[in-house]
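Residues per chain, in single letters:
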Amino acid sequence: MTAMTLRIPDEINASIKAGAAAAGLSLNAYIVRAAQRQAVLDSARRLASLGLGEDLGGEGDAL
């Protein structure tokens, strides 16, 4: 595991903390999940741009 320092702008600090609390997660877990979700979406968009989004692996998985 890698430790990171994250600087959150004051303007969005309260909303991020509220989102974490509403999800029942620690602030750390909430931010990690958000980053993971974005990485998956970015990858999916890349696959779709390559024309690979309709049928992933031939097993019915789709974007």
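Heads up: the structure comes first, above all this text.
Residues numbered from 1 in each chain as written. Predicted model: local features only at pLDDT ≥ 70, side-chain atom pairs only at ≥ 80, totals over all residues. Heavy atoms only, no water.

Some details on the overall build of the protein
The secondary structure content of the protein amounts to two helices and zero strands. Per-residue burial for the protein yields a buried fraction of 8% across its 63 residues. Per element, the accessible surface of the protein, about 5,400 Å² overall, is 55% carbon and sulfur. (Helix = DSSP H or I, 4+ residues; strand = E, 2+ residues; numbered from the N terminus. Buried < 20%, exposed > 50% of the residue type's maximum accessible area, 1.4 Å probe, protein only. Areas by Shrake-Rupley, 256 points an atom, 1.4 Å probe, with all protein chains shown as cover.)

A look at the packing of helix α1 (residues 10-23) against helix α2 (residues 27-49)
One way to put it is that α1 packs onto α2 with a least axis distance of 9 Å and a crossing angle of 100°. Judged by the inter-axis angle, α1 sits roughly perpendicular to α2. Contact residues: I16, K17, G19, A20 and A23 in α1; L27, Y30 and I31 in α2. For the contact of α1 with α2, the per-class residue count stands at six nonpolar, one polar and one charged. (Axes fitted to C-alpha atoms, helices over the stretch in contact; angles between N-to-C directions. Parallel < 35°, antiparallel > 145°, perpendicular 65-115°, else oblique. Contact = heavy atoms within 4.5 Å. Nonpolar A, V, L, I, M, F, W, Y, C, P; charged D, E, K, R; others polar.)

Examining α1
Its 14 residues give α1 an end-to-end C-alpha distance of 21 Å, which sits within 8% of 20 Å, the value for a rise of 1.5 Å per residue. Among all positions in α1, only I16, G19 and A20 are buried. The buried residues of α1 occupy an angular sector of 95° when the element is viewed end-on, so they sit on one face. Those residues of α1 that are exposed and angled more than 90 degrees off the buried face are D10, A14, A21 and A22. (Expected span 1.5 Å × (residues − 1). Arc of directions from axis to C-beta.)

What to know about the layout of surface pockets
Considering only enclosed or pocket space, the largest pocket measures out at about 320 Å³ in volume. Forming the boundary of the largest pocket are M1, T2, A3, M4, T5, L6, L27, N28, I31, V32 and A35. (1 Å grid on protein atoms, 1.4 Å probe; cavity = no way out; pocket = protein on both sides within 12 Å on 5 of 7 lines; lining within 4 Å. Points joined across faces, edges and corners; volume = space filled by probe spheres on them.)

Looking at the pattern of salt bridges
Evaluation of the coordinates by the stated rule reveals one salt bridge. Residues R45 and D42 are paired through a salt bridge, measuring 3.6 Å at the closest nitrogen-oxygen approach. In this pair, R45 and D42 both sit in helix α2, three residues apart, roughly one turn of the helix. Residue class for R45 comes out exposed when judged on its relative accessible area of 51%. (Salt bridge = Lys/Arg side-chain N within 4 Å of Asp/Glu carboxyl O.)

Concerning the environment of L25
Considering the arrangement of structural elements, one finds L25 in the loop between α1 and α2. Leave out the neighbours within four places in its chain, and L25 touches A20, Y30 and R33.

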